[in-house]
Amino acid sequence: MFAPCGMNCKVCYKHCFTKKTRRPCPGCLANDETGRPEHCRKCKIKDCVHEKGVSYCFECSQFPCKQIKNLEKSYVQRYNASLIANSLFVKERGLAHFMRDQRNIYTCPMCGGIFSLHDRICTECGNPYPSEDHEPKE
């Protein structure tokens, strides 16, 4: 559930939304296309890591490439989230540690649901994300 680009798929709006309505998106690295949004199925970054024989962009000698830098700019501006920082964290400290930290950041204190990174709404109770230091930029 960690995308090649550095996105935590567990906090993706598509995974969070479909978790309640039908089978959730299985994440970028799963072979199953069911539930995946079209932009993920057609992702050039996912195709690139596959061609290079790596699982994550940070494993590539060209990281961060132009594609990652463009996506990074969008995520920082729209969601105040750095995919490059996520990737470097995983590279240095491991995926398990990253996912534990992410669970602490994105778990709703009211009900235990998950806040979507993209819309900042709890998947279970609908409450907005409570902290200003992780709010998306307008």
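Scroll up for the structure.
Residues numbered from 1 in each chain as written. Predicted model: local features only at pLDDT ≥ 70, side-chain atom pairs only at ≥ 80, totals over all residues. Heavy atoms only, no water.

*Asks:* What should I look at first to understand the overall build of the protein chain in this one?
*Replies:* The secondary structure content of the protein chain amounts to 6 helices and 0 strands. The order of helices and strands in the protein chain, counted from the N terminus, is α-α-α-α-α-α. Counting all 138 residues of the protein chain, 39% fall into the buried class. Within the protein chain, contacts between residues at least 6 apart in sequence are counted, and of these 47% link residues at least 24 apart. (Helix = DSSP H or I, 4+ residues; strand = E, 2+ residues; numbered from the N terminus. Buried < 20%, exposed > 50% of the residue type's maximum accessible area, 1.4 Å probe, protein only. Contact = heavy atoms within 4.5 Å.)

*Asks:* What is the right way to look at the packing of helix α3 (residues 44-52) against helix α4 (residues 66-79) in this model?
*Replies:* When two helices pack together, their arrangement is given by the angle between their axes and by how far apart the axes lie. At a minimum axis distance of 10 Å, the contact between α3 and α4 shows a crossing angle of 150 degrees. Overall, the two elements α3 and α4 adopt an arrangement that is roughly antiparallel. Crossing hand, α3 versus α4: left-handed. Every residue of α4 that contacts α3 at K44, I45 and C48 is listed here: Q67, I68 and L71. A breakdown of the residues in the contact of α3 with α4 according to their chemical character gives 4 nonpolar, 1 polar and 1 charged. (Axes fitted to C-alpha atoms, helices over the stretch in contact; angles between N-to-C directions. Parallel < 35°, antiparallel > 145°, perpendicular 65-115°, else oblique. Left-handed = near helix turned anticlockwise from the far one by under 90°. Nonpolar A, V, L, I, M, F, W, Y, C, P; charged D, E, K, R; others polar.)

*Asks:* Hey, could you run me through the packing of aromatic side chains in this one?
*Replies:* For any two aromatic rings, the description comes down to two numbers: the centre-to-centre distance and the angle of the planes. Taken as a whole and assessed by the stated rule, the structure comprises 7 aromatic pairs. On the basis of an interplanar angle of 55 degrees and a centroid distance of 5.4 Å, the ring pair of F2 and Y56 is categorised as tilted. Taken together, the residues F2 in the segment before α1 (13-21) and Y56 in the loop between α3 and α4 connect sequence positions 54 residues apart. Owing to a relative accessible area of 15%, Y56 belongs among the buried residues under this scheme. Considering the side-chain rings of Y56 and F58, the 5.5 Å spacing of their centres and the 5 degrees angle between planes classify their relative orientation as stacked. Residue class for F58 comes out buried when judged on its relative accessible area of 11%. By the ring-pair criterion, three or more aromatic residues cluster together here, those being F2, Y56, F58, F89 and F98. (Phe/Tyr/Trp six-rings, centres within 6.5 Å; stacked < 30°, edge-to-face > 60°.)

*Asks:* Explain the nonpolar core here, please?
*Replies:* When a protein is soluble and globular, its nonpolar side chains tend to lie buried together. By size, the foremost hydrophobic cluster in this structure holds 30 residues, and its most contacted members are C5, M7, I68 and L117. Secondary-structure elements contributing two or more residues to this core are α3, α4, α5 (83-93) and α6 (95-106). Looking at this core element by element, the count peaks at 4 residues for α5. Filtering out sequence-adjacent residues up to four positions away, C5 remains in contact with I45, C57, I68, L71, L83 and S87. (Core = buried A, V, L, I, M, F, W, Y, C linked by side-chain atoms within 4.5 Å.)

*Asks:* Whenever I open this one, α4 confuses me. Can you help?
*Replies:* For an α-helix, the turn length of 3.6 residues means that residues three or four places apart are oriented alike. Compared with the 20 Å implied by 1.5 Å per residue over 14 residues, the 19 Å span of α4 between its first and last C-alpha is a close match. If you check which residues of α4 are buried, you get I68, E72, Y75 and Y79. In a view along the axis of α4, the buried residues occupy a sector of 80 degrees, so they form one face of it. α4 presents K66 and K73 as exposed residues on the side facing more than 90 degrees away from its buried surface. Elements that come into contact with the buried residues of α4 comprise α3 and α5. N80, located one to two residues past α4, shows a positive phi value of around 55 degrees. (Expected span 1.5 Å × (residues − 1). Arc of directions from axis to C-beta.)

*Asks:* Looking at this structure, I do not really get the packing of α5 against α6. What am I missing?
*Replies:* Contact geometry of α5 with α6 gives a least axis separation of 7 Å together with a crossing angle of 130 degrees. Viewed along their axes, α5 and α6 adopt a mutual orientation that is oblique. Contact with α5, carried on its side by N86, F89, V90 and R93, involves L95, H97, F98 and D101 of α6 and no other residues of that element. Looking at the contact of α5 with α6 residue by residue, the classes come out as 4 nonpolar, 2 polar and 2 charged.

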